[in-house]
Amino acid sequence: MDRPMILYRGSLKSCNYHCSYCPFSKHPVSERELEKDRGQWLSFIRTLEEKHWDVGALMVVPYGEAMLYRWYWEGLAQVSSMPGIEAVGIQTNLSFSGERFLDCYAAAGGRFEKLRLWATFHPEMTDVSEFARRCEVFVKAGVQICAGAVGVPEHLDLIRLLRKKLPGAVYLWMNRMDGLGRAYTRAEVEAFRALDPYFGRELLLPEADSEKCYNRLFVEGNGRLHTCNISPMLHETWADAETFPAPVCRRRRCSCYLAYGGRQEIVNEMLFGPWPLFRIPRHPRAVFLDIEGTLLRAGEMDGELLAGLRILSEEGTTLLFATTLPYAAAYERCQEVWGLFRGGIFAGGAHLLLLGGAGREGAREHFYDLEDFRRKYVADLKRMEGTARCQVLCYEQEGRCYKITLLRPARRPWQRQEAESLLRALFQEEIGESGGDKTGKGDDPQGIAAMEGVRLIVEKNCLQILPAGADKAGGVREMCRWLDISPKQAFAFGDSEEDAGMMQLCNM
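The model shown is predicted, which means the values in this text are computed figures rather than measured ones. (Residues numbered from 1 in each chain as written. Predicted model: local features only at pLDDT ≥ 70, side-chain atom pairs only at ≥ 80, totals over all residues. Heavy atoms only, no water.)

Q: How should the sheet that holds strand β10 (residues 286-289) be read in this particular structure?
A: Spatially, the six strands line up as an open sheet ordered β14-β13-β12-β11-β10-β19, and their pairing is mixed. The open sheet has two free edges, formed respectively by β14 (364-367) and β19 (490-493), since each of these has just one partner strand. Strand after strand, the sheet turns through a mean of 15° between neighbouring axes, direction not considered. As defined by bridge partners, β10 adjoins β19 across four bridges and the pair is classed as parallel. Across the sheet, V287 pairs through a bridge with F491, a residue of β19. The strands touched by helix α17 (residues 472-483) within the sheet are β10, β11 (318-322), β12 (341-346), β13 (351-354), β14 and β19, with β13 carrying the most contacts at an inclination of about 25°. (Pairing = 2+ DSSP bridges. Helix = DSSP H or I, 4+ residues; strand = E, 2+ residues; numbered from the N terminus. Axes fitted to C-alpha atoms, helices over the stretch in contact; angles between N-to-C directions. Contact = heavy atoms within 4.5 Å.)

Have a look at this one:
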């Protein structure tokens, strides 16, 4: 999620439901209060259009039930038609007429493919069959929707019935019950996890970290700004802010989904797509993950990411590495999770491996060939080892080279200018000792490398030489072909320029 997302909450604090635990059901709303909320909402939309900020998504998170009022229907449609807006949604109890809303939304120019609904089941106010029917209205209209309830242990049988009645594609989430007065029992946790595989995220709330919240904003109807719904007020107001404000947080933990679900974290985007706050899972058919800096940070794997990978694996997602490391080095670093993965893209794309059901039985494997380059240049490279203070490593399969690495000690990383000087020396016959340019590439060693059928990567203490046709994006394309899926059905993530191509291929 590189583009900002905004949450909006107006002054509305009333609801047509009268749940015993909710304060907003006890507030009778006046016409004056409704007119105030309507004015705030319309003013917010006008300001959003005037600011021309590169906002990608908007979600309305009212205290009360906003979808009783036509101005929210028309406003959602108006926002969905704005250039650049990819998704617009709202939290609701679904007590309104779905059919009438859809007609109004369409008449107001609303884009159905952008609409997202977060629907909450209230067992005191509606029955399971009626709630499920209302959800189905939107599913049939092609609207993305999630549904959920508070994880009250006494409601387990009712929620199990709800799961049976809901359309199968609708994700059923469970919120932690704050007023339980005790910890959930192990049996209760497992029961709720059987309904919602992500329920464990509600129980292990992460420590707050504002550095992970730089692309989010919470706007109140009166113009006050916050980083999220539980963070302190920022100095700017909605009307006065000229740039997207920097995040501010004084919380110890992100205590609800609207807080932790909007953090800039791999696990959020991997599980819930580019706009995780809508709480609609992406269900990737395959996941490609870089190792250093992504799966592992300072040699450690994030526990929440590991939990997410385990869930995806159980759901049938194919997990695959996408790394510049060769196979053996990848195994050495990732033994903890190796059993979850079915191979991957190794050596920067020069080695592709898709494992079958049991080990290498039924595996598909491909190596790109670097043998011609090795025969021509590896002797010269080895003669440079002393002056370049590096070790030349050739990676082979059945005697044929697929990758060459010029490895230095970790304390002596390669500098790009230094690496390019070495390559100029290596290719001096093509450039010409007198300075004459026989290749048309001048001082561009990358261009000369391409003519030699290779490409070069400078990565910390490794200068890597790979076959020209081998990269991670190409590896993703080929492995998706093996899996008989589109790259758009996959998710890919990494933290370097080498990963940009595969991320764009899968995640856009």
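Moving on, there is more to tell.
Q: What is the right way to look at the sheet that holds strand β16 (residues 400-407) in this model?
A: Picture the strands of a sheet paired through backbone hydrogen bonds; they go either parallel or antiparallel. The four strands are arranged β15-β16-β18-β17 in an open sheet whose pairing can be described as antiparallel. This sheet does not close on itself; its edge strands, each paired only once, are β15 (391-397) and β17 (454-459). Direction aside, neighbouring strands of the sheet carry axes that sit 20° apart on average. Pairing geometry for β17 and strand β18 (residues 462-467), over six bridges, is antiparallel. Across the sheet, L456 pairs through a bridge with I465, a residue of β18.

Q: How should the packing of aromatic side chains be read in this particular structure?
A: Working definition: an aromatic ring pair is given by the centre-to-centre distance plus the angle between the planes. Following the criterion strictly, the structure yields 37 aromatic pairs and no others. For the ring pair F101 and Y105, a centre distance of 5.5 Å and an interplane angle of 40° mean the geometry is tilted. Linking F101 with Y105, this pair stays in helix α3 (residues 98-107), spanning four residues, or about one helical turn. Like F101, the residue Y105 is buried in the burial classification. Here a set of aromatic residues connected by ring pairs shows up, and it is made of Y8, W41, F44, W53, Y69, W71, Y72, W238 and F244. (Phe/Tyr/Trp six-rings, centres within 6.5 Å; stacked < 30°, edge-to-face > 60°. Buried < 20%, exposed > 50% of the residue type's maximum accessible area, 1.4 Å probe, protein only.)

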